[in-house]
Amino acid sequence: VTGWSGGTRYAIGSGSLIEALLGAALPAEPPSHHVRVYLASEHELLATFTLSDAIRPSAAAAVDALRRQGFTVRMLTGDSSGAAAAVARELRIDDYRQGQSADQKMTALLAWQQRGERVVMVGDGVNDVPVLAAADMSIAVINATELAKATADCLLLSSDLTLLDTTVAVARRTRRVIAENLGWALAYNLTAIPLA
């Protein structure tokens, strides 16, 4: 975010945004799995904020449950800090990509689909919206952005990610019931109509 106050331009955001504003590199900092957000005027760096999110308590159980159902779990994140690697390590996700733009996420999704994979996308942010729309099935969580919620095929009404396992089980059971009903209807029509 950038703006003007009292004739001075200010910005808060990523290191690359602040470096562009200042026209100089930021001081080197040790690698971290935390996200750094910077505040600067057009003249100087004013503050550095170090942020981190805790992994949802239900995330590990959800990933394990999806694997048991035969899913390959991958993570695409716009986060370019070391946080993505730490989350992937904790959740035992080997295939992860960090610093992904919406276009890069879409490229990955299309590559998987071209290989014949059916992709279920779970997302919550604005940069997930195009991928949610293009996925074979998409799921947004309750605290997602309004645009992500409106785009997704399914909305989890809780932040409990273990509901993903329940959602998949219900979807598979529903598909099985529909197939059985179509089978019964076909059998009935093949026998009853000739008799009539």
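Now for a description of the structure that goes with this document. Small disclaimer: the values here were computed from a predicted structure and weren't measured. (Residues numbered from 1 in each chain as written. Predicted model: local features only at pLDDT ≥ 70, side-chain atom pairs only at ≥ 80, totals over all residues. Heavy atoms only, no water.)

**Thoughts on the overall build of the protein**
- Within the protein, the secondary structure is distributed over seven helices and nine strands.
- Since a compact globule built from 196 residues should have a radius of gyration of about 16 Å, the 23 Å found for the protein marks it as more spread out than a globular shape.
- Here the C-alpha coordinates of the protein stretch approximately 90 × 35 × 30 Å along the principal axes.
- For the protein, buried positions account for 29% of its 196 residues.
- Intrachain contacts of the protein at a sequence separation of at least 6 include 35% that bridge at least 24 residues.
- About 12,200 Å² of surface is accessible on the protein, with carbon and sulfur atoms providing 57% of the total.
- Both charge centroids of the protein, one from 17 positive and one from 20 negative side chains, sit 9 Å from each other. (Helix = DSSP H or I, 4+ residues; strand = E, 2+ residues; numbered from the N terminus. Rg over C-alpha atoms; globule rule 2.2 N^0.38 Å. Buried < 20%, exposed > 50% of the residue type's maximum accessible area, 1.4 Å probe, protein only. Contact = heavy atoms within 4.5 Å. Areas by Shrake-Rupley, 256 points an atom, 1.4 Å probe, with all protein chains shown as cover. Lys, Arg positive; Asp, Glu negative; His and termini not counted. Charge placed at Lys NZ, Arg CZ, Asp CG, Glu CD.)

**Comments concerning the sheet that holds strand β1 (residues 2–5)**
- Here we have four strands laid out as an open sheet, ordered β1-β2-β3-β4, and antiparallel in their pairing. With one partner strand each, in any of the chains shown, β1 and β4 (45–51) form the two edges of the open sheet. For this sheet the average axis-to-axis angle between neighbouring strands, irrespective of direction, equals 15 degrees.
- Of the strand pairs in this sheet, strand β3 (residues 35–41) and β4 are connected by six bridges, and their pairing is antiparallel. Within β4, the residue paired with V35 across the bridge is L51.
- Contacting β1, β2 (8–13), β3 and β4, helix α1 (residues 15–22) runs over the sheet at an angle of about 160 degrees to β2. (Pairing = 2+ DSSP bridges. Axes fitted to C-alpha atoms, helices over the stretch in contact; angles between N-to-C directions.)

**Digging into the nonpolar core**
- In terms of nonpolar packing, the biggest core is built from 32 residues, with I93, L109, L161 and L164 touching the most fellow members.
- Of all the secondary-structure elements, those providing two or more residues to this core are α2 (59–68), β5 (74–76), α3 (83–91), α4 (102–114), α5 (129–134), β8 (137–141), β9 (154–156) and α7 (163–195).
- The residues touching L161, leaving out its near neighbours within four places in the chain, are R56, S58, A59, A62 and V141.
- Formed by six residues, the second largest nonpolar core is a distinct cluster that contains A11, I18, L21 and L26. (Core = buried A, V, L, I, M, F, W, Y, C linked by side-chain atoms within 4.5 Å.)

**Quick word on a nonpolar patch on the surface**
- On the surface, a cluster of nonpolar side chains totalling about 370 Å² of accessible area is made up of V1, I12, F49 and L51.
- Examined against the element boundaries, L51 turns out to sit in strand β4. (Patch = residues over 30% accessible without salt bridge, like charges linked within 9 Å, V, L, I, M, F, W, Y side chains within 5 Å. Salt bridge = Lys/Arg side-chain N within 4 Å of Asp/Glu carboxyl O.)

**Quick notes on the pattern of salt bridges**
- Per the counting criterion, the structure on display carries seven salt bridges.
- With a shortest N-O distance of 3.5 Å, D64 and R67 are connected by a salt bridge. Here R67 and D64 lie together in helix α2, a separation of three residues that amounts to about one turn.
- Taking relative accessible area as the criterion, R67 reaches 29% and is therefore assigned partly exposed.
- Residue K105 pairs with D128 through a salt bridge whose shortest N-O separation is 2.6 Å. With K105 in helix α4 and D128 in the loop between β7 (120–123) and α5, the pair connects residues that are 23 residues apart, well separated along the chain.

**Here's the deal with the sheet that holds β8**
- Sheet architecture is open: three strands sit in the order β7-β8-β9, paired in parallel fashion. Every other strand in the sheet has two partners, leaving β7 and β9 as the edge strands with one partner each. Here the strands of the sheet are splayed against their neighbours by 25 degrees on average, with no regard to which way each runs.
- In this structure, β8 lies alongside β9, joined through three bridges in parallel fashion.

**Brief notes about the pairing of β1**
- Pairing geometry for β1 and β2, over four bridges, is antiparallel. Its bridge partner lying in β2, G3 is registered against Y10.
- Turn length for the β1-β2 hairpin, with the two strands adjacent in sequence and antiparallel, is two residues, and the turn residue G6 shows positive phi of about 60 degrees.

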